[in-house]
Amino acid sequence: NEQVFILLLHMSPVSVVCLWAFLQTLKKTPLFDFHRDQGGKMVEFAGWSMPVQYKDSHISSHMHTREHCSIFDVSHMLQTKVHGRDRVKFMESLVVADVAELNENQGTLSLFTNDKGGIIDDLIVTKTDQGYLYVVSNAGCADKDSAHMKAKVAEFKAAGFDVDLEFLDEALIAVQGPSMSRVLQEGLKDDLGKLTFMMSTLATVFGVRDCRVTRCGYTGEDGVEISVPRSKVVELTETLLKNPEVKLAGLGARDSLRLEAGLCLYGNDIDDTTTPVEATLVWTIGKRRRQTKGFPGADIIVPQIKAKTAKKRVGLVSTGPPVRPHTPILSPDGKVIGEVTSGCPSPCLKKNIAMGYVEAAFAKNGTAIQVEVRKKAVPATVSKMPFVPTNYYSG
Ligand SMILES: *[C@@H]1O[C@H](CO)[C@@H](O)[C@H](O)[C@H]1NC(C)=O
């Protein structure tokens, strides 16, 4: 395409070779060739080559997910099994959740924290009835998460505890949207109606054995994530796509869907400089854990729950041009009170939505503030999240 050609003309031969070499080194999921066959526009994301969209526009793909259902390839995420008698104690030494209290086959959103109270990554931890914990964490944090867990395993083993890690090679697809349950039920022996939000089960899905189906997602819709053997993921995806309810969706739709649902993107909305309290993720900290502590940074995080913090993550709605990350947030009299961390035009609401951090005095729903877009102060309002009501399946 023309832009790429012009770009190449302006680059030295050495840079061209470097760019080419860089693109070759991107990691590929087992669906890589399939994405390209389906018209996927591939982009770099966290060191992976991933589809940002397919033939449909980003907006129509977003709306299709809200009205029907979509498949997202999320095989780039890190899937880990934690084995051993002391696996719960091990996990609780790293995350804020009350893992002991989870029911069998129940999962929860949790956070790896550091000694300063910052967030190393967000993750889903599921307490399976198969003698292991199943953990899914972010692709962009895979290296540091695995190093972090390995170091803690070494510490635990040295202290005589029984814990082991297994990093999985499985593919992972998310099927998200109101018609997911009708689509998936046709390929399941068991009643999907019994699998409520954040529950997980092993199943054969459309004849593909050894799948782990977890009722969760990143769109605000009812949905599942299916961990599936690599060699079978193309077959399963093709089978699901035979249903006219189902389309493929890429990273573009994924980002606007999760923002409408008020969900954080690690690296944008939360990172190792934000605490769970500043990020308004206090609900992820188990009640017992607030008493017994014992997770990294607890001595900083737990007192913040009562004392409040100087800054807080909030939702914003604005008129005018779309708001992007790093946009300054201003008080009504023009003083900088914070910064936007994610923003996009909402395809469902037809207005600009964003999240960001503001000084606590400005964090209340309905507070009139401003955002500075292209050197101009534009009116905005602090808003409750989710922006679009979520549709999780509670049975
Ligand atoms: C938030 O504030 C808006 C006004 O900006 C109001 O319409 C809405 O009802 C409020 N929502 C809640 C949950 O308080």
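Because the structure is a prediction, the values reported are computed rather than measured.

Q: Please clarify how the sheet that holds strand 6 (residues 119-127) should be interpreted in this entry.
A: Adjacent strands of a sheet form backbone hydrogen bonds with each other and so pair up, either parallel or antiparallel. Taken in spatial order, the five strands make up an open sheet running 5-6-7-4-8, and their pairing is antiparallel. Two strands in the sheet have a free side with no partner beyond their single neighbour: strand 5 (106-113) and strand 8 (164-167). Taking the axes of each pair of neighbouring strands and ignoring which way they run, one obtains an average angle of 30° across the sheet. Where strand 4 (residues 78-83) and strand 7 (residues 132-137) come together, six bridges link them in antiparallel fashion. Paired with H83 across the strands is Y132, a residue of strand 7. Packed onto the sheet, helix 6 (residues 142-158) meets strand 4, strand 5, strand 6, strand 7 and strand 8 and runs at close to 155° relative to strand 8.

Q: Any chance you could explain the nonpolar core here in plain terms?
A: Across soluble globular proteins, nonpolar side chains show a tendency to be buried alongside one another. L184 and I226 are the most contacted members of the largest nonpolar core, which has 27 residues in total. Elements with a minimum of two residues in this core: strand 3 (69-73), strand 9 (171-176), helix 7 (180-185), strand 10 (200-205), strand 11 (208-214), strand 12 (223-228), helix 8 (233-241) and strand 13 (246-248). Among the nonpolar cores identified, the runner-up in size contains 20 residues, and L78, M91, A97 and V163 belong to it.

Q: In this structure, what is going on with the sheet that holds strand 14 (residues 311-318)? I would like to understand it.
A: If you trace the six strands once around the closed barrel, you get 14-17-16-15-18-19, paired in antiparallel fashion. Within this sheet the neighbouring strands show an average axis-to-axis angle of 45°, counted without direction. Note: strand 16 (residues 336-345) against strand 17 (residues 352-359), seven bridges, orientation antiparallel. If you follow E339 over to strand 17, its bridge partner there is Y357.

Q: Explanation requested: the UniProt feature "domain: GCVT N-terminal" (unreviewed entry) in the protein in the structure shown.
A: UniProt's entry tags residues 31-287 with the feature "domain: GCVT N-terminal" (unreviewed entry), counted in the numbering of this structure. The distance separating the terminal C-alpha atoms of residues 31-287 is 41 Å; by composition the span is 25% helix and 30% strand.

Q: Whenever I open this one, the site of the ligand confuses me. Can you help?
A: All residues adjacent to the ligand are N365, G366, T381 and K384. Separating an oxygen atom of the ligand from a side-chain N or O atom of N365 is a distance of 2.4 Å. For the ligand, whose accessible area on its own is 360 Å², the fraction buried by protein is 30%. Partitioning the shell around the ligand into residue classes produces no nonpolar, three polar and one charged.

Rules used in this analysis
Residues numbered from 1 in each chain as written. Predicted model: local features only at pLDDT ≥ 70, side-chain atom pairs only at ≥ 80, totals over all residues. Heavy atoms only, no water. Pairing = 2+ DSSP bridges. Helix = DSSP H or I, 4+ residues; strand = E, 2+ residues; numbered from the N terminus. Axes fitted to C-alpha atoms, helices over the stretch in contact; angles between N-to-C directions. Contact = heavy atoms within 4.5 Å. Core = buried A, V, L, I, M, F, W, Y, C linked by side-chain atoms within 4.5 Å. Buried < 20%, exposed > 50% of the residue type's maximum accessible area, 1.4 Å probe, protein only. UniProt positions renumbered as here; feature names shortened; annotations may be inferred. Near = heavy atom within 4 Å. Polar contact = N/O pair within 3.5 Å; in protein donor to acceptor, adjacent residues only side chain to side chain. Areas by Shrake-Rupley, 256 points an atom, 1.4 Å probe, with all protein chains shown as cover. Nonpolar A, V, L, I, M, F, W, Y, C, P; charged D, E, K, R; others polar.

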